[in-house]
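# Residue-level structural notes
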Amino acid sequence: GAGVSQSPSNKVTEKGKDVELRCDPISGHTALYWYRQSLGQGLEFLIYFQGNSAPDKSGLPSDRFSAERTGGSVSTLTIQRTQQEDSAVYLCASSSLAGVETQYFGPGTRLLVL
Amino acid sequence: AQSVTQPDIHITVSEGASLELRCNYSYGATPYLFWYVQSPGQGLQLLLKYFSGDTLVQGIKGFEAEFKRSQSSFNLRKPSVHWSDAAEYFCAVASPSGNTGKLIFGQGTTLQVKP
């Protein structure tokens, strides 16, 4: 079956612009996670959605970052007023249930802020 | 603070040789433990996981890992490495309470395989 998909695969933007990154989880998966992979910080948790519960935003690095999940499926990560330090690969993962179930990762969106 | 340490940033082994990748964690209680692999241009793939029970865990692609509570370690092993195993390997932990599955990753170990 289809895995987790993310779009765009690559995004180049100018400092100060807003960007939106999209994640399509595996159908039926109720848990969705965003992570960031950068050279300086490695792999970091950003935000987590589970069903209709309030999202866990504890990993978001600043208030320029936000995410939503519409209809319990597709998720969008928005970065406002991008900075050069936001350059990274943004990974999305989904699982059938939060906690012990395996997280399946998408291929990521590579963001470059000039 | 919770953390995961992978002491080896880069490892080179010959094809057919055995492999051990080290992982140590710092956590208040025994966390859930994971090993992921990331091949060039590919997403992260789960190799194996440990929650409880038998401390020797078998995974995909011939990998295994052993949990040692006394050493706070979860080292990954493979008896005979194949060229296709060249990739970056990440150890990760998640809290057993709250059941959120949020992963804390180590910095990764890059494996190079010599022919």
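This one's a predicted model, so the numbers in the text were calculated from it and none came from an experiment. (Residues numbered from 1 in each chain as written. Chains lettered and ligands numbered in written order. Predicted model: local features only at pLDDT ≥ 70, side-chain atom pairs only at ≥ 80, totals over all residues. Heavy atoms only, no water.)

### Some words on the overall build of chain A
Within chain A, the regular secondary structure consists of zero helices and 10 strands. Tracing chain A from N to C terminus, the helices and strands come up as β-β-β-β-β-β-β-β-β-β. Over its C-alpha atoms chain A spans a radius of gyration of 13 Å, differing by no more than 12% from the 13 Å that the globule rule assigns to 114 residues. Dimensions of chain A, computed from C-alpha atoms along their principal axes, come out at roughly 35 × 30 × 25 Å. (Helix = DSSP H or I, 4+ residues; strand = E, 2+ residues; numbered from the N terminus. Rg over C-alpha atoms; globule rule 2.2 N^0.38 Å.)

### Section: the interface of chain B and chain A
Counting residues at the interface gives 16 residues for chain B and 20 residues for chain A. With both chains or domains summed, chain B and chain A bury close to 1500 Å², and 55% of this area falls on carbon and sulfur atoms. Connecting chain B to chain A are one salt bridge. Along the contact surface separating chain B from chain A lie six residue pairs in polar contact (both at pLDDT 80 or more). Only strand E5 (32-38) and strand E6 (44-50) of chain B provide two or more residues apiece to the side of chain B that touches chain A. (Contact = heavy atoms within 4.5 Å. Buried area = accessible area lost by both parts, 1.4 Å probe. Salt bridge = Lys/Arg side-chain N within 4 Å of Asp/Glu carboxyl O. Polar contact = N/O pair within 3.5 Å; in protein donor to acceptor, adjacent residues only side chain to side chain.)

### Considerations on the state of the cysteines
All names here are of chain A. Counted by the stated rule, this structure contains two disulfides over all chains. Disulfide pairing places Cys23 opposite Cys92 at an S-S distance of 1.8 Å. Sign of the S-S torsion, about -65° for the bond between Cys23 and Cys92, identifies this disulfide as left-handed. Of this pair, Cys23 sits in strand E3 (residues 19-24) while Cys92 sits in strand E8 (residues 88-95), and the two are 69 residues apart along the sequence. (Disulfide = S-S within 2.5 Å.)

### Topic: the packing of aromatic side chains
Within this structure, the stated rule accounts for 16 aromatic pairs over all chains. With centroids separated by 5.0 Å and ring planes inclined at 20°, the aromatic side chains of Tyr33(A) and Tyr48(A) adopt a geometry described as stacked. With Tyr33(A) in strand E4 (residues 31-38) and Tyr48(A) in strand E5 (residues 42-50), this residue pair connects regions lying 15 residues apart in the sequence. Note on Tyr33(A): relative accessible area 0%, which makes it buried. For Tyr48(A), a relative accessible area of 9% puts it in the buried group. A network of ring pairs unites the aromatic residues Tyr33(A), Tyr35(A), Phe45(A), Tyr48(A), Phe105(A), Tyr32(B), Phe34(B), Tyr36(B), Phe51(B), Phe90(B) and Phe105(B) as a single cluster. (Phe/Tyr/Trp six-rings, centres within 6.5 Å; stacked < 30°, edge-to-face > 60°. Buried < 20%, exposed > 50% of the residue type's maximum accessible area, 1.4 Å probe, protein only.)

### Section: the pairing of E6(B)
Residues and elements named next belong to chain B. The buried fraction of E6 is high, at five of seven residues. As paired strands, E5 and E6 are joined by six bridges and run antiparallel to one another. From the neighbouring strand, Gln38 faces E6, where its bridge partner is Leu44. In this antiparallel pair of consecutive strands, E5 and E6, the connection spans five residues, and Gly41 shows a positive phi of 75°. (Pairing = 2+ DSSP bridges.)

### Thoughts on the nonpolar core
Soluble, globular proteins show a tendency: their nonpolar side chains are buried together. Residue and element names in this part refer to chain B. Among the nonpolar cores identified, the biggest contains 26 residues, and Leu19, Trp35, Leu47, Leu48, Phe74, Leu76 and Tyr89 are the most heavily contacted of them. Sort the elements by how many residues they give to this core and strand E10 (residues 87-94) lands first, with four residues. The contacts of Leu48, once residues within four sequence positions are left out, are Leu33, Phe34, Trp35, Val57, Gln58, Gly59, Phe63, Glu64, Ala65, Phe74 and Leu76. (Core = buried A, V, L, I, M, F, W, Y, C linked by side-chain atoms within 4.5 Å.)

### With respect to the sheet that holds E3(A)
Residue and element names in this part refer to chain A. As summarised here, the arrangement of the four strands in space is E1-E3-E7-E6, forming an open sheet in which the pairing is antiparallel. Strand pairing shows two members of the sheet lacking a second neighbour, strand E1 (5-7) and strand E6 (65-69), which therefore form its edges. Ignoring which end each strand starts from, the neighbouring axes of this sheet average 15° apart. Relative to strand E7 (residues 75-79), E6 runs antiparallel, the two sharing five bridges. Opposite Ala67, over in E7, you have Leu77 as the bridge partner. (Axes fitted to C-alpha atoms, helices over the stretch in contact; angles between N-to-C directions.)

Scope: geometric values only; no functional claims are made or implied.
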